[in-house]
Amino acid sequence: MDPRLIASSVACPDCDLLQRIPQLPPGGRARCSRCGHQLAKQPTVTNDLPLALTIAATIVFILANTSPLMDLSVVGRTASTTIVGGAYEMWLQNEEITGVLVAFCAVIAPGGYLLFMLTLLVAARRSPAPYWVGEMLRWVNHFQLWSMLEVMLLGILVALIKIAQLATVDAGIGMYCVGALVLLIPAIAVNFDERGLWERVEWADGEKPPLSPAELAPAQVPK
Amino acid sequence: MRTAVATTGARLGLLACESCQLVSRPASATEPGFCRRCGEQLEWRRHASIETTWALVIAAAICYIPANALPVLTTTTLGTSEGDTILGGVVFLYTSGSWPLALVVLIASVMIPLGKLIALSYLLITVQRGSVKSGHERTRLYRMVEFIGRWSMLDVFVDTFTVALVQLQPLMSVDPGPGVLFFAAVVVLTMLAAESFDPRLIWDSANPYPARHG
């Protein structure tokens, strides 16, 4: 079998069915013909939109981590907390592991996601994209799995309502920033064309990226 | 239903890289080697998927008991302490009038972890028994487990930010209880279990491919 033909076919990650992805119109999606897993998505926008969104999200992320999430006041006493402050308080209360987990899911994972995404999107403007972009993509996927800002936002809201019975609580700037991030980070993921980037990355064995599937003549699924 | 044998990568002796999805011919059947594009180690199926997933599911099931039985928060008001379990928190939200939130916390903290444990056990058992039925439904179930798993972290965040804010000694303070650690363990272990399960195994028994070892 032609090695280029092998490289241009796709095995569904959910059911291993081997298939070829037809030329898709902008915004078009290809689903696995057996299990329905989304195999490919043709982007409607240029590479610049994910980069712009990532820059915006990074600025908001820095703000979200430096400004107070909320202030609490009861009989003349006030307290406020940041995201890291919450994790640190858990650490101080002898729940070190939980504190580290919260810091990881709420700060390190989304921060790493944004930092790596920013680096690889800038690097991917070169063609072919350098080999280490692929390495970073792998990390990005792990960070994305463990980045739980939307869960944290709901968690904070529940905590606020619980505490509101006892004291006056005001949402701070950090809270609005987290709200914006919950919209911005998925927007990056939706507009980011991971498949397209893999096709432009330099190969580990030193080869140049092969022809894109569009340049290969359409062929039958190998029997 | 489709009766013809499906053309899977494994049947043709081709395998897809788990990291970059590139389909390639392995160096040998027992030692597939590394992906030519991204350098990832190639595997026919995730290594020891069933054993690893079972181990994580059982560990999570054990942690689920103390996670629900032990208090996650201890509230100290003027010298008297009171422990609150996860269900206690749900009841508190319900009685204080915010039943929609009580429902959200109940679903995220009690039902999702339990549902994940049941769903993953069901998937593991059907794969081990070589079931060929309802591959679509089981794949959909797996995707749901993968997708909603993160939401059970909700209670960990609720507890963290309650503790962080309510530190008004000597008037009142809220401290984390021993249940939080077990609860966090349930969430992490079930997420890792979902990651170690290989959904392609669901389809393999309907579509056997030459046995490969390694």
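What counts, and at which threshold
- Residues numbered from 1 in each chain as written.
- Chains lettered and ligands numbered in written order.
- Predicted model: local features only at pLDDT ≥ 70, side-chain atom pairs only at ≥ 80, totals over all residues.
- Helix = DSSP H or I, 4+ residues; strand = E, 2+ residues; numbered from the N terminus.
- Rg over C-alpha atoms; globule rule 2.2 N^0.38 Å.
- Domains from an automatic or database assignment.
- Buried ≥ 20, exposed ≤ 12 C-beta atoms within 10 Å, placed from the backbone.
- Axes fitted to C-alpha atoms, helices over the stretch in contact; angles between N-to-C directions.
- Parallel < 35°, antiparallel > 145°, perpendicular 65-115°, else oblique.
- Left-handed = near helix turned anticlockwise from the far one by under 90°.
- Contact = placed C-beta atoms within 7 Å.
- Nonpolar A, V, L, I, M, F, W, Y, C, P; charged D, E, K, R; others polar.
- Pairing = 2+ DSSP bridges.
- Arc of directions from axis to C-beta.
- Core = buried A, V, L, I, M, F, W, Y, C linked by C-beta atoms within 7 Å.

Looking now at the overall build of chain B. When helices and strands are tallied, chain B shows seven helices and six strands. Helices and strands in chain B line up, N terminus first, as β-β-α-β-β-α-α-α-α-β-β-α-α. Computed over its C-alpha atoms, the radius of gyration of chain B comes to 22 Å, more than 25% above the 17 Å expected for a compact globule of 214 residues. Reported as C-alpha extents along the three principal axes, the dimensions of chain B are approximately 70 × 40 × 25 Å.

This part takes up the domain arrangement of chain B. Annotation of chain B at the domain level lists domain 1 (1-44) and domain 2 (48-204). Each of domain 1 of chain B and domain 2 of chain B has a C-alpha centre, and the two are 34 Å apart.

Outside of glycine, negative phi angles account for most residues, and trans bonds account for most peptide bonds. Residues and elements named next belong to chain B. A positive phi angle, near 70°, is found at glutamine 21, a position not held by glycine. Structurally, glutamine 21 can be placed in the loop between strand E1 (15-16) and strand E2 (23-24). On the basis of neighbour count, glutamine 21 is assigned to the partly exposed category, with 19 C-beta atoms found within 10 Å. The backbone of alanine 48 sits at a positive phi, close to 45°, despite the residue not being glycine. Within the secondary structure, alanine 48 is located in the loop between E2 and helix H1 (49-69). By C-beta crowding, alanine 48 is classed as exposed, having 12 other C-beta atoms within 10 Å.

Attention now moves to the packing of helix H2 (residues 48-66) of chain A against helix H7 (residues 173-191) of chain A. What describes two packed helices is the angle between their axes and the distance between those same axes. All names here are of chain A. Look at H2 against H7: their axes get within 9 Å of each other, and the N-to-C directions meet at 160°. Regarding the angle of H2 to H7, the classification is roughly antiparallel. The crossing of H2 and H7 is left-handed. Taken together, the residues of H7 that come into contact with H2 (itself represented by Leu49, Pro50, Leu53, Thr54, Ala56, Ala57, Val60, Phe61, Leu63 and Ala64) are Ile173, Gly174, Cys177, Val178, Ala180, Leu181, Leu184, Ile185, Ala187, Ile188 and Asn191. Here the residues of the contact of H2 with H7 sort into 18 nonpolar, three polar and no charged.

Time to look at the sheet that holds strand E5 (residues 70-74) of chain A. Strand order in the open sheet formed by three strands is E6-E5-E7 (chain A), with antiparallel pairing between adjacent strands. Each of the sheet's edge strands pairs with one partner strand only, and the pair in question is strand E6 (77-81) and strand E7 (168-171) of chain A. On average, each strand axis in the sheet is inclined to that of its neighbour by 20°, with strand direction left out of account. Contacts from helix H5 (residues 154-165) of chain B reach E5 and E6 of chain A, with the element oriented near 140° to E6 of chain A.

With 52 residues of chain B at the contact, the number on the chain A side is 52 residues. Secondary structure elements with two or more residues in the side of chain B that touches chain A: E2, helix H3 (99-128), helix H4 (135-148), H5, strand E5 (167-168), strand E6 (172-176), helix H6 (179-196) and helix H7 (200-204) of chain B. Here the element with the most residues in the side of chain B that touches chain A is H5 of chain B; it accounts for ten residues. Split into classes, the residues belonging to the side of chain B that touches chain A amount to 32 nonpolar, 14 polar and six charged.

Let us now look at the pairing of E6 of chain B. Residue and element names in this part refer to chain B. Bridge analysis of strand E3 (residues 73-77) against E6 gives five bridges, and the strand direction is antiparallel. The partner of threonine 77 across the bridge, within E6, is methionine 172. As paired strands, E5 and E6 are joined by two bridges and run antiparallel to one another. Within E6, the residue paired with leucine 168 across the bridge is methionine 172.

The next point concerns helix H2 (residues 86-95) of chain B. Looking at H2 of chain B, one finds that the buried residues are Ile86, Gly89, Val90 and Leu93 of chain B. The arc that holds every buried residue of H2 of chain B, seen down its axis, measures 100°, which confines them to one face. Where H2 of chain B is buried, its residues touch helix H6 (149-163) of chain A together with H1, strand E4 (80-84), H3, H5 and H6 of chain B.

This part covers the nonpolar core. Soluble globular proteins: nonpolar side chains tend toward being buried together. Of all hydrophobic cores here, the largest spans 115 residues; its most connected members are Leu181 of chain A together with Phe157, Phe183 and Val186 of chain B. The biggest single contributor to this core is H6 of chain B, with 13 residues. Those residues within four positions of phenylalanine 183 of chain B in sequence are excluded, and the remaining contacts are Ala67, Val72, Ile86, Asp155 and Val156 of chain B.

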